[in-house]
Structure formats: C-alpha cells, structure tokens
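Residue-level listing of the chains:
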Amino acid sequence: MSKKRVLVLLGPNLNLVGIREKGVYGDESAESIEKQIREEADKLGYVCDVYQSNWEGALIDKIHEAREQYDGVVLNAGALTHYSYSLRDAIASVKIPFIETHMSNVHAREDFRHTTVIGSVCAGQISGFGKYSYFLALAALKNLMK
Ligand code: DQA
C-alpha cells in the first residue's frame, strides 16, 4: 500500500512561534516544531509537507492543490479560523479530511477566538496542547484518510 500524503498547513503569524506571545505559544521555535512534525509524520508512515503562509490567498491556493496531492490536511489557520469565509469555502470544496488545529486552547482565550468558521467543514478540532496538538492531529487523520 502506498504511503498517505499529509499536508500540515500553517497560517498567519505561525512562523513567529517561539518569538511571539511566549506565554501562550511557548519558546520553542517554529523550525524546531516543524522538524518534530516531520518526524511524527514519518513515524506514522506518512509522506508529509509543511507549508506556512501569512497570506490568505496562498493558503487557499494550497488547499486547492491539496485536492489532487494529499490524502489529509492538518490545518492551523491562526486568526483566519475565526473569520475567513474564503478559507471555509476552500475547505468545503475539497473532499479530503481536514483537522482544525490550535496550539493554544482557543476556548479559554478572548471571545473572538471561541468562534470558528472552519469548524463545520473540518472533521474535528484539536486545541490547547501546544506542539502536541499537531502530533495528535496527525494521529487523528490516520483513521479518516481513504
Ligand atoms: C492559534 C489560535 C488563534 O486564535 C491565533 O490567532 C493564532 C494561533 C493557535 O494555534 O493557538 O495565531 O491558531
């Protein structure tokens, strides 16, 4: 059986993890976390790409590409989670499973973070476990990918 292809898609400001709001996101660098995401994906037997952009349109283009190129997506859309209908519609256009993922517990933070406009088109949400949110999301995909 060929390996499942997984995309870990990261939105605005997630390149600054380790630098930004350390009390919320910790002090481990984005690069170090990305390396561990790749290692976890490898252990699970996936082929994995990690892509980060601060641009909504670039994320949408990547989601369109995912239609042909991946079996599942771990998505931390950053603040776009809370208001981007364009991102929501892009996810809804693609038949593969998406896991909405957050490092922080968005439900324990400001009110605007309690809203997700992408949640209803994702298979589920993982929130609050720091870098482990990504590892849990990778594991969650295992039983969802066709
Ligand atoms: C985040 C939570 C979002 O509310 C925030 O805008 C982010 C990161 C998280 O990983 O906890 O940029 O998605």
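Residues numbered from 1 in each chain as written. Predicted model: local features only at pLDDT ≥ 70, side-chain atom pairs only at ≥ 80, totals over all residues. Heavy atoms only, no water.

(A) Spotlight on the site of the ligand. Taken together, Arg20, Tyr25, Asn76, Gly78, Ala79, His82, His102, Met103, Ser104, Val106, Arg109 and Arg113 make up all the residues around the ligand. Between the ligand and the protein, one listed contact pairs an oxygen atom with a side-chain N or O atom of arginine 20 at 3.2 Å. Take histidine 82: an N or O atom from its side chain is 2.7 Å from an oxygen atom of the ligand. Coverage of the ligand by the protein amounts to 98% of the 320 Å² it exposes when considered alone. Here the residues of the shell around the ligand are counted per class, giving four nonpolar, five polar and three charged. (Near = heavy atom within 4 Å. Polar contact = N/O pair within 3.5 Å; in protein donor to acceptor, adjacent residues only side chain to side chain. Areas by Shrake-Rupley, 256 points an atom, 1.4 Å probe, with all protein chains shown as cover. Nonpolar A, V, L, I, M, F, W, Y, C, P; charged D, E, K, R; others polar.)

(B) A look at the nonpolar core. By size, the foremost hydrophobic cluster in this structure holds 23 residues, and its most contacted members are Val8, Ile37, Tyr134 and Leu138. Elements with a minimum of two residues in this core: β1 (4-10), α2 (30-43), β2 (46-52) and α5 (132-141). With residues near it in sequence (within four places) discarded, valine 8 still touches Ile37, Cys48, Asp49, Val50, Tyr51, Val74 and Leu138. (Core = buried A, V, L, I, M, F, W, Y, C linked by side-chain atoms within 4.5 Å. Buried < 20%, exposed > 50% of the residue type's maximum accessible area, 1.4 Å probe, protein only. Helix = DSSP H or I, 4+ residues; strand = E, 2+ residues; numbered from the N terminus. Contact = heavy atoms within 4.5 Å.)

(C) The pairing of strand β4 (residues 98-102), seen in detail. Counting buried positions along β4 yields five of five residues, so the element is predominantly enclosed. Of the pairings in the sheet, the one linking strand β3 (residues 72-76) to β4 comprises three bridges and is parallel in character. Paired with valine 73 across the two strands is phenylalanine 98, which belongs to β4. Running through helix α4 (residues 85-92), the crossover from β3 to the neighbouring parallel element β4 is right-handed. By the bridge criterion, four bridges tie β4 to strand β5 (residues 124-127) in an arrangement that is parallel. Bridge assignment links glutamate 100 to a residue of β5, and that residue is glutamine 125. (Pairing = 2+ DSSP bridges. Right-handed = clockwise from strand over helix to strand, strands pointing away.)

(D) The arrangement of α4 in detail. Taken residue by residue, α4 has Leu87, Ala90 and Ile91 as its buried positions. Projected down its long axis, α4 carries its buried residues within an arc of 95°, all on one side. (Arc of directions from axis to C-beta.)

(E) Broad picture of the sheet that holds β2. Ordered in space as β2-β1-β3-β4-β5, the five strands form an open sheet in which the pairing is parallel. Of all strands in the sheet, those bounded by a partner on one side alone are β2 and β5. Within this sheet the neighbouring strands show an average axis-to-axis angle of 20°, counted without direction. In the sheet, β1 pairs with β3 via five bridges, with the strands oriented parallel. Paired with valine 6 across the two strands is glycine 72, which belongs to β3. This element, α2, spans β1 and β2 of the sheet and lies at about 160° to β2. Along the sheet, helix α3 (residues 56-69) contacts β1, β2, β3 and β4; its crossing angle with β1, the most-contacted strand, is approximately 175°. (Axes fitted to C-alpha atoms, helices over the stretch in contact; angles between N-to-C directions.)

The analysis is restricted to geometry; functional conclusions fall outside its scope.
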